[in-house]
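# Coordinates in review
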Amino acid sequence: MRGLIGVDIGGSGIKAGVVDSRRGVLVGERVRVPTPQPATPDAVVAATAELVASLGPTQGPVGIGVPGPIVRGRVLMMANMDTSWVGQPAAKLFGDAIGRPVTVLNDADAAAVAEMRFGAGRGVKGTVLVLTLGTGIGSALFVDGVLVPNLELGHIEIRGKDAERRASAGARERHGLSFKEWAPVLDEYLDRIDQLIWPDLIILGGGVSKRSEKFVPLLSVRPPVVAAALRNEAGIVGAAVRARMLESAARPPRVTSATRATPARRRTPAGSAP
Ligand code: BGC
């Protein structure tokens with residue numbers, strides 16, 4: 001079967017599925033395994049390859065979202081898995097283990113690609129900031145629908161602390177805050193980001209977005225804030241969609257009768273004209 005596969009790797013779970021990239025949904029079940037601890041490259045790559053194999057004998061592009069900035073397939077920083085990921089050629093490691101080429105990208109970029117195509121950001125122009133509130137805070141910026149990759153706005157410093165340690169959904173749980181207590185902390189973070197980026201719209205994703213009615217109305221930050229429309233599967237769908245886009249971009253254009261070049265006219269040697 002030719003199936004487009006998306007994988008979403010997080011600090012606590014690795015999730016995967018076969019994706020219908022036209023409709024932005026999973027075809028069949030989402031599969032999940034806990035992220036091995038410690039989450040070293042060897043352990044995570046092996047668990048991911050096994051998970052992908054469990055989806056059946058598929059061929060076609062594989063997209064993998066990883067919780068760190070990825071430049072030319074390499075991980076440049078890691079906050080929520082083992083720090084031995086830093087410097088690793090993730091695309092090569094996953095590709096070798098899975099047995100076919102893969103596209104590796106930041107997990108928040110992946111989820112946001114799906115959200116912009118199929119969810120709350122669909123058709124929205126201007127500057128759109130998508131934040132994923134989970135264990136950490138992921139961030140992705142779109143300008144007129146074009147992704148600016150690898151934004152790491154979860155790591156700006158607020159009151160001497162990494163912002164995601166204060167304002168993420170994980171921090172809310174760790175500190176035992178109610179939504180009412182968490183909202184001003186999140187608001188302060190969003191305000192700081194607003195003053196750096198001045199977006200037209202902020203979309204809040206991550207698991208907590210399904211309870212958005214409990215905190216979004218309490219926010220007073222300047223730009224409009226809406227909850228993501230896609231839930232758990234955004235990261236899987238977006239990774240697969242991105243892999244398909246890059247595969248199509250790399251493929252040589254098909255020559256059709258419309259694009260086929262007109263054969264060059266034979267030049268007749270001077271003086272031998274009929
Ligand atoms: C990482 C980001 C990631 C986010 C959400 C942050 O700690 O630095 O790259 O997107 O967590 O997983």
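In this report, the structure presented in the accompanying data block is examined. (Residues numbered from 1 in each chain as written. Predicted model: local features only at pLDDT ≥ 70, side-chain atom pairs only at ≥ 80, totals over all residues. Heavy atoms only, no water.)

This next bit is on the sheet that holds strand 9 (residues 137-143). Within the open sheet, the 5 strands sit side by side as 10-9-8-13-14. Their pairing is mixed. Lying at the two open borders of the sheet, with one neighbouring strand each, are strand 10 (146-148) and strand 14 (225-227). When strand polarity is set aside, the average angle formed by the axes of neighbouring strands in this sheet is 25°. With 7 bridges joining them, strand 8 (residues 127-133) and strand 9 adopt antiparallel strand pairing. Across the sheet, the residue bridging to Leu 133 is Ile 137, located in strand 9. Its contacts with the sheet place helix 6 (residues 179-197) against strand 8, strand 9 and strand 13 (201-205), and it is angled at close to 145° to strand 8. (Pairing = 2+ DSSP bridges. Helix = DSSP H or I, 4+ residues; strand = E, 2+ residues; numbered from the N terminus. Axes fitted to C-alpha atoms, helices over the stretch in contact; angles between N-to-C directions. Contact = heavy atoms within 4.5 Å.)

Now for the site of the ligand. Not every one of the 13 residues close to the ligand is listed here, only the nearest: Asn 106, Asp 107, Glu 152, His 155 and Glu 164. For the ligand, an oxygen atom lies 3.3 Å from a polar atom in the backbone of Gly 68. A distance of 2.6 Å is found between an oxygen atom of the ligand and a side-chain nitrogen or oxygen belonging to Asp 107. Considered on its own, the ligand offers 310 Å² of accessible surface; in the complex 93% of this is hidden by protein. Here the ligand occupies the largest pocket. At the level of secondary structure, the elements contributing two or more residues to the shell around the ligand comprise helix 3 (107-118) and strand 9. For the shell around the ligand, a count of residues per class yields 5 nonpolar, 5 polar and 3 charged. (Near = heavy atom within 4 Å. Polar contact = N/O pair within 3.5 Å; in protein donor to acceptor, adjacent residues only side chain to side chain. Areas by Shrake-Rupley, 256 points an atom, 1.4 Å probe, with all protein chains shown as cover. 1 Å grid on protein atoms, 1.4 Å probe; cavity = no way out; pocket = protein on both sides within 12 Å on 5 of 7 lines; lining within 4 Å. Sits in = over half its atoms within 2 Å of the grid points. Nonpolar A, V, L, I, M, F, W, Y, C, P; charged D, E, K, R; others polar.)

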